[in-house]
Number of protein chains: 4
Amino acid sequence: MSFNTFGHLFRFTTWGESHGPALGVVVDGCPPGIALTPEMIQRDLDRRRPGQSKFTTQRREPDAVRILSGVFEDERTDGPRTTGTPISLMIENTDQRSKDYSEIRDKYRPGHADYTYDQKYGIRDYRGGGRTSARETAARVAAGAVARQVLGGVTIRASLVQMGPHRIDYGNFDWAQVGENPFFCADAEAAALWADYLDGLRKSGNSAGAVIEVVAEGVPAGWGAPIYGKLSADLASAMMSINAVKAVEIGAGFEAAGLTGVENADQMRAGAEKPYFLSNNAGGILGGVSNGDPIVCRFAVKPTSSILTPRQTVTTANEDADIVTKGRHDPCVGIRAVPVGEAMMALVLADHMLRHRGQTGREGAVGFGRD
Amino acid sequence: MSFNTFGHLFRFTTWGESHGPALGVVVDGCPPGIALTPEMIQRDLDRRRPGQSKFTTQRREPDAVRILSGVFEDERTDGPRTTGTPISLMIENTDQRSKDYSEIRDKYRPGHADYTYDQKYGIRDYRGGGRTSARETAARVAAGAVARQVLGGVTIRASLVQMGPHRIDYGNFDWAQVGENPFFCADAEAAALWADYLDGLRKSGNSAGAVIEVVAEGVPAGWGAPIYGKLSADLASAMMSINAVKAVEIGAGFEAAGLTGVENADQMRAGAEKPYFLSNNAGGILGGVSNGDPIVCRFAVKPTSSILTPRQTVTTANEDADIVTKGRHDPCVGIRAVPVGEAMMALVLADHMLRHRGQTGREGAVGFGRD
Amino acid sequence: MSFNTFGHLFRFTTWGESHGPALGVVVDGCPPGIALTPEMIQRDLDRRRPGQSKFTTQRREPDAVRILSGVFEDERTDGPRTTGTPISLMIENTDQRSKDYSEIRDKYRPGHADYTYDQKYGIRDYRGGGRTSARETAARVAAGAVARQVLGGVTIRASLVQMGPHRIDYGNFDWAQVGENPFFCADAEAAALWADYLDGLRKSGNSAGAVIEVVAEGVPAGWGAPIYGKLSADLASAMMSINAVKAVEIGAGFEAAGLTGVENADQMRAGAEKPYFLSNNAGGILGGVSNGDPIVCRFAVKPTSSILTPRQTVTTANEDADIVTKGRHDPCVGIRAVPVGEAMMALVLADHMLRHRGQTGREGAVGFGRD
Amino acid sequence: MSFNTFGHLFRFTTWGESHGPALGVVVDGCPPGIALTPEMIQRDLDRRRPGQSKFTTQRREPDAVRILSGVFEDERTDGPRTTGTPISLMIENTDQRSKDYSEIRDKYRPGHADYTYDQKYGIRDYRGGGRTSARETAARVAAGAVARQVLGGVTIRASLVQMGPHRIDYGNFDWAQVGENPFFCADAEAAALWADYLDGLRKSGNSAGAVIEVVAEGVPAGWGAPIYGKLSADLASAMMSINAVKAVEIGAGFEAAGLTGVENADQMRAGAEKPYFLSNNAGGILGGVSNGDPIVCRFAVKPTSSILTPRQTVTTANEDADIVTKGRHDPCVGIRAVPVGEAMMALVLADHMLRHRGQTGREGAVGFGRD
C-alpha cells in the first residue's frame, strides 16, 4: 500500500497529528446503500478511547466522530445510507496540553521514530510524536467501523493473548470475557494475573509488550487476490502498519515451521453441502485465498517506548544525553491495539470482498448490513 | 499490492504456470543506466534452481533467463545498460513431464490452494499446481537480481535459521558458511544435523518447515513511507506473499512482546559522524522508516504439503477420499525460499529507495552498480 | 487514476458534497520543508470563489480554507513548513439554502449526472447536485496551491480563449489582462464583447460553453512517465475529470490532424547551452515527456446545463416531464474553470516532478519555494 | 495510470522495443472462465499489422501472437478458458533489418521523442525508435482482444473520420465500409478521395494527420468511477497515451464549447422500460458515468514525423544539422491507429465493468463471451 492510503477498491486515507486540531480519514469506494450512523462508528471508537482504566493513557479525549460527507438521508432511505461517494470522518483533538516540548524537540526518544523521521524529512512535528503517535489509529478504527457495515455477516473479534511473557490458557478462551476486563482478554484468569503484572511494571517506570489475536468468522471461501495481493499478505501489511507492531502470523504461524507436513496440512472431509477441514493450521487461508474457515491472525506489539526509566540517547546535535519520557503513556500499548487489529481485519476483508466480486462476478459475501 | 504486481516506483509483474511453456516477469520503473547482463540474473537463479541436492526437488530445470527488453548496448555504453523502459525476463519450462493428472484434477491436496482456487475462479490449471506452484518464485528471483543492481552498496544475505524444531546456534553464525552446505545455513554444525533430520523425514514420506532470516546491510536511514507503506509493512507483505509462508517478523519480532520497555528500546550514543544504536531489537526500522542499522527480517515456511504419506481429503464432487501426492517435491520448501527471501528484500528496498528520493529529493542511496 | 484520488507520488483525495457541512482534500506525498500558509492557498481559492461578478453564481461562499495537518512551525522553521505527512485542507459550506428539493429529487436534469448516479448507485444526494456539483473543484484548487509551492520555478497561467462560438484574437494575447476582466481572458477586446454576449444569454435563460488554455513555463525537459503515464495522458485525464469538460488537446491538438508532417514537426536548432525548438506544435511534450518548451493544454467546457429555459426530461419513475432548473447558477461554468485548470496542471506537474527524480535520480526541478 | 501499466482491476502491462527480439503484454485481473484462443487475438492484430497496403509501412511483420499463460483447457472446459491468472502474450519481431543506425543515434528526429528520452534517461535505444515506436501498440491490440471477450455484448467499432484537412461526410457513414478500404473509413467516397491525397503526400516525402472516431454500443448505464476515474477521464488518458495522439474529445467535444445550454444538454423521454435521450451530445457519458447511449470518442493523430523531406535539427552534441528520416514509415500513422483506438476503448470499458460490479455489486454487464 502507499503512503497514507490503504486498500484498492475499498480504500481509506488517514491524516492528522497528535497535537494538531483534528485527525480523520476519508473512506473511498464504499458500496452505496449501506446503513451508516455516527453511533455505529462511535461504539468502535469508544473501545479504543484512552483513559478508560489505569492501564491506558490518562489523556482525556472523547474521540467524538463527525461524518462530513458520503452519507445521505431523506424520507425514503430508512435512515442514513452511504451514497458510494467518499466518506469523510473527523475527530477533533481536545486534550493537547500546552507544555514545554524542548525535551523531545532536542533529544531522540529510544524506540521511537523521532530519529528516522528527522533523517527522512529533515523536519518533525515532535509534539506528542506528531504523525507517529498512536492517535492515528483512531482514524483506522473509524474506517474499520464502516468496513464492518459493508461486511454484514462476517464477525470480527480480537483478544489480547499474551502480555509480556504471560500467555493465556486457550482452554479458558471465552469471547464473552473480552468485554469484562480492561485488557480485552478472552481468558479471565490471565486478565486477573496481568493486572498485577502490569501495575508493577507501570509503577517501576517500565512497560510491557503484548500479542493480539484477531479472528474473522463468516468469510466465504474465495476471497484473496494472488499472487502479491494474497489475503495473508494484505493482512500482514495491515497489521504490521499498526504502531509498534513487529511481527505477524497467520494460523499456526511460526509454529508451522516446527511441524512436519503430516502434522501441518489440514485434512478435509465431505460435508453436507461443502467440504470442511479437520483442523485450521492454515488460519483460513490457502494460497492467499480464504477457505471458508475462520481467518486467524496474530500480531506482536513491542512494549511502550515512552517510559519513566532514564535511557541513553543522543541530541539532535549528535551529543550523548539521557532521557526520561514523561507524559501520559499507556504502560502496554498492546491493549488498545485490540480494536485497531479488528479494524484492520475488517478493512482488508471489505477490500477483498469487493475485489473478488469485481474480478469474478461472484458475490461470495454473506450479506450486507450489520445490526 | 495488487494481484500479480508488486511495488510502486520499482514495480514488477510476474506471470506463468508450472506446466505452461514459460514463466516470466516484467520489471518496470527501473532507473536507467544500470549495468545488467543475463549472467547477473542467472547467478541468483542458479541458487534457487531445483535439483542441486537430494534435499530439493529432482525436477530438472536449467532456469535459463532471457532479457527480452529494457536493456541496450552500443559502442558507448560500456556493456548492456538499463534504459528506464520495462525489462522483460523470460524463463522457459523444459521439464514438464507429460503424465496422468487425474489424481490432482479430481481431488484437493490438503495444504494446497486447489480448493480455494476452485472456489474463487471455478476453473483451475491443476498441472503441477499451475499458478500456485513455487516455480513462480523463479520470476521473483530474476526481478530481485535487477533490484540488487539498483541498490549498489546494499548487501542482502539470508540464512536458514531453523529447520523443523531445530534452530541454529547464533554463536556459530558465519555468512561464509551459507554457500558451503545444501541448506543455505550460516551455522555449519546445524547444517550437519539437519542433513540427517531431513533425510529421515524424506524417506518416511514426510516433510519439514523452516525459518529464514534475511539481513540487509548498508541501507541508509530514511527509507520507508509511513503510514501504510512502512518499510516493515511492505516487507511483511513481500515475505508473506511467498508460497507457504505463514509468519513474518522484524528485529526482535514476537520476542519483543515478551520484553519490557527497558529491555526492548534500542538506546543511542553519539558517533563520530552520526549516532549509533547500542542494540538492534528494532531490526533497523523505527516508525516504518530505516534507521541505518541492518534490516533484519525472519519468515516461517510451513512444511511441504505434497507428501507420500496418505492424507484424508475430498474430491471435487465433495466425496471423501485419500490422497498420496507423488511427484518430485522438495522435502523442505524452506530451503529454496532463502534466495527468494533475499530477492523480495531487494525488491522492497529498491522501491523504497526510489520513493524516498522521489518525495524528499534526498538520495539516501549508498551508490549504484553492484560488482 | 482511481475514484476520488489523483496522482502517484504527489497524490490528493477530495471529499464533500455541495450541501454537506464541508468539503476538503487530503494531499499526500508532498515533499517536506515547503513553505505553506493558509494565505498561499486562499489567494488561489479566492480566484475560483463564486459571486464575484454577475457572470458567476450568486451563491455566497467565503471558501475559507483551514490547514488541519501536515504543516509545522516552531522557532526554527522560518514560518510554517510541510512535514512530508498528509496535508488535510477543509472548507466549510456556509450558504446551503434550505429549500424544497422535490423538483431535482424527482426529475432528472438534462445534461447532469442525476440519471447516471441513480443508475450506478441506486441512491443520490440531489441537494445542489451533491458530489457532482462543481463545488468539488474548490478542493482541487486548494490542492493545486500546494502543488504550486512544490513546483517553485514553474509558472502556470490560464486564460479563457473561447466563449460560445467567439474565440480570442491571439494577436491581442496579454497575460496581464487575465486579472483585469471577469472572464480571466488574456484578450481585453474579446472580454468586452463576451460581456454583452453572456449577459444576453443569461437574461434569456440560456448559457454558454468555453475553451480554456493552460500554459506552464519553466518545466525542464524530462518530466513524464511513458507509456501509460505520459505527461500528455495524465493532463488529458486531469482536465477531462473537471466538471463539464468534454475535450482536451495538447499543443496544436486537433489542428495537428490537418497539418502535414513538414508543417507539424517542430524543427530544432543548437542553442548556447542546449537545443531549442523553432515552433511549439508539440505543446512542450514529445513521446509523453516534456521537452523544455511551454506545456500548452486546452480544454472545452460545455455550456451550463442548469438553465431557466424549460427542457424535456423524465421523472425517476420514468414518466415524461418538463423541468426548469432554478437556483443560482453560473451562465458559463467555463469561467471559474480557469483557476481549476491551472490547479490540475500544477497537480500533474508536481506528481511528475517527483516521479522523475524518483526513477532517474535527476532533479530536473527548477527550484523549490514560490514567493 | 502509471508507467507501462494501464487499468485497475482489468490491468495490462506492455513491454518491448521496436528492434528487440519480441514485444508483449501481461493482462492481469481478467475474469476466469472466458473463452480465449490465439485466433481471437490474431484477428485483431491482423487489422493493425503493417504492410497491408501502400499506405502503411512496408515492414513485414506477421505479428503472430503466442499465449504463454493464463489460459487452460482440458476435456471439461469446452475449449481454452481464462483462469483468472495473468495472461502473458508475446509477439516476436522478425523484420528488424540490420542497418547503420548512426543517423538516428547522433541526431534528434524532429517530432520524435529522441531528444526527450535522452533528457529523461540519459540513454536511448534508438534502433527504430526503441520503446517509442508504434510497434508497442501491437501489445495494446492483443490486450484489447482479451478485453473484448470480457465485454461480451458490447460492440466496439472505429472509423477514420478525417485525413489531413479532409473530413468524412457523416451522411455517408456506414460501418460496413470500414473493412472495404485501406483507411478503415466508414465513408466510401471520402476513402476514395483520400487515396489520391495520401499518395501525393507520400510521393513528395510528406505525411498526413488524421482523426479517429471510436464508438462503443451496448454499454449499460452506470459504468465509470467518479471523480478522478471518470469514464471520460480514463478514455482521455487511454487515447492520449497512443503514439502521436494530441487531442481527445467525448461526444460533441470541442463543438460543445460553441453551443448554448439549450442546444447542448440532451433531453430525455420516457421509454417502454427505461428513459432514452433525444440526442447524444454527451457521447454517452454524464458526470463521468455511462448513460446507456453509445460511448463516442474521437482523437487526433499528428502527421508522421518520419519523412523524406529534409528537416532542421541538432546533433546529440548540440550542433546544427539536417536530417532525412529514411526507412519504412506509414505516411499516415492515423490509419493503423484505428484498431488501436478500438482496443483502448475495450480496455477502459472492461476495467470499468469490473470496478462497477466490485463497488456496487450490480452487474451492469450485458453478458460474457463474444462469438
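Residues numbered from 1 in each chain as written. Chains lettered and ligands numbered in written order. Predicted model: local features only at pLDDT ≥ 70, side-chain atom pairs only at ≥ 80, totals over all residues. Heavy atoms only, no water.

(A) Quick look at the relation of the copies chain B and chain A. With an axial shift of 0.0 Å and an RMSD of 0.0 Å, the rotation relating chain B to chain A amounts to 180°. Taken together, these values place the two copies in the relation of a two-fold axis. An overlap of 100% is found between the interface residues of chain B and their copies at the interface of chain A, pointing to a shared contact surface. (Least-squares fit on C-alpha atoms with pLDDT ≥ 70 in both. Contact = heavy atoms within 4.5 Å.)

(B) Region of the structure containing the sheet that holds strand 4 (residues 65-67) of chain C. Residue and element names in this part refer to chain C. Read from one edge to the other, the open sheet built from five strands follows the order 1-2-3-7-4, with strand pairing classed as antiparallel. Each end of this open sheet is capped by a strand with a single partner; those strands are strand 1 (5-6) and strand 4. Strands in contact with helix 4 (residues 136-151) are strand 2 (11-16), strand 3 (22-28) and strand 7 (87-92); relative to strand 3, the strand with the most contacts, it is inclined by about 35°. (Pairing = 2+ DSSP bridges. Helix = DSSP H or I, 4+ residues; strand = E, 2+ residues; numbered from the N terminus. Axes fitted to C-alpha atoms, helices over the stretch in contact; angles between N-to-C directions.)

(C) Region of interest: the confidence of the model for chain A. A residue-level look at chain A finds 96% of positions with pLDDT of 70 or above and a mean pLDDT of 93. Below pLDDT 50 for its whole length, residues 364-371 of chain A participates in 30 contacts with residues either more than four positions away or in separate chains. (pLDDT = per-residue confidence, 0-100.)

(D) A look at the pairing of strand 16 (residues 295-301) of chain C. Residues and elements named next belong to chain C. Strand 16 sits mainly inside the fold: seven of its seven residues count as buried. Of the two faces of strand 16, the one holding Ile295, Cys297, Phe299 and Val301 and the one holding Val296, Arg298 and Ala300 are both buried throughout. Taken together, the seven bridges between strand 10 (residues 210-217) and strand 16 define a ladder with antiparallel strand orientation. Looking across to strand 16, one finds that isoleucine 212 is bridged to phenylalanine 299. The pairing of strand 11 (residues 245-250) with strand 16 spans five bridges and is antiparallel. Residue pairing across strands places glutamate 249 opposite arginine 298, the latter belonging to strand 16. (Buried < 20%, exposed > 50% of the residue type's maximum accessible area, 1.4 Å probe, protein only.)

(E) Inspection of the sheet that holds strand 8 (residues 155-163) of chain D at higher detail. Spatially, the ten strands line up as an open sheet ordered 9(C)-8(C)-10(C)-16(C)-11(C)-11(D)-16(D)-10(D)-8(D)-9(D), and their pairing is antiparallel. Looking at the sheet topology across the chains shown, the edges are occupied by strand 9 (166-167) of chain C together with strand 9 (166-167) of chain D. By the bridge criterion, two bridges tie strand 8 of chain D to strand 9 of chain D in an arrangement that is antiparallel. Looking at the pairing, methionine 163 of chain D lines up with histidine 166 of chain D of strand 9 of chain D. Strands in contact with helix 5 (residues 188-203) of chain C are strand 8 (155-163) and strand 9 of chain C; relative to strand 8 of chain C, the strand with the most contacts, it is inclined by about 55°. Along the sheet, helix 8 (residues 337-360) of chain C contacts strand 8, strand 10 and strand 16 of chain C; its crossing angle with strand 8 of chain C, the most-contacted strand, is approximately 140°.

(F) Fine view of the UniProt feature "binding site: NADP(+)" (unreviewed entry) in chain A. Residue and element names in this part refer to chain A. Residues annotated in UniProt with the feature "binding site: NADP(+)" (unreviewed entry) correspond here to Arg48 and Lys54. With respect to the helices and strands, arginine 48 occurs in helix 1 (residues 38-48). A residue is classified by how much of its surface remains accessible, and arginine 48, at 2% relative accessible area, is buried. Look past the residues within four positions of arginine 48 in its chain and what remains in contact with it is Asp63, Ala134, Arg135, Thr137, Ala138, Val141, Arg336, Pro339 and Val340. You can see lysine 54 is positioned in the loop between helix 1 and strand 4 (65-67). Setting aside residues up to four positions removed in sequence, lysine 54 forms contacts with Asp199 and Arg202. (UniProt positions renumbered as here; feature names shortened; annotations may be inferred.)

(G) View of the UniProt feature "binding site: FMN" (unreviewed entry) in chain A. Residues and elements named next belong to chain A. Feature annotation in UniProt assigns "binding site: FMN" (unreviewed entry) to the following positions: Arg131, Thr132, Ser133, Asn243, Ala244, Gly287, Lys302, Pro303, Thr304, Ser305, Ser306 and Arg328. Taken together, the annotated residues stretch across 198 residues and extend over separate regions, lying up to 43.6 Å apart by C-alpha. Not counting chain neighbours up to four residues away, the residues in contact with threonine 132 comprise Ala113, Tyr117 and Asn243. Separated by 2.7 Å, the side chain of threonine 132 and the backbone oxygen of glycine 129 make a polar contact. Only 3.4 Å separates the side chain of serine 305 from the backbone oxygen of glycine 111, close enough to count as a polar contact. (Polar contact = N/O pair within 3.5 Å; in protein donor to acceptor, adjacent residues only side chain to side chain.)

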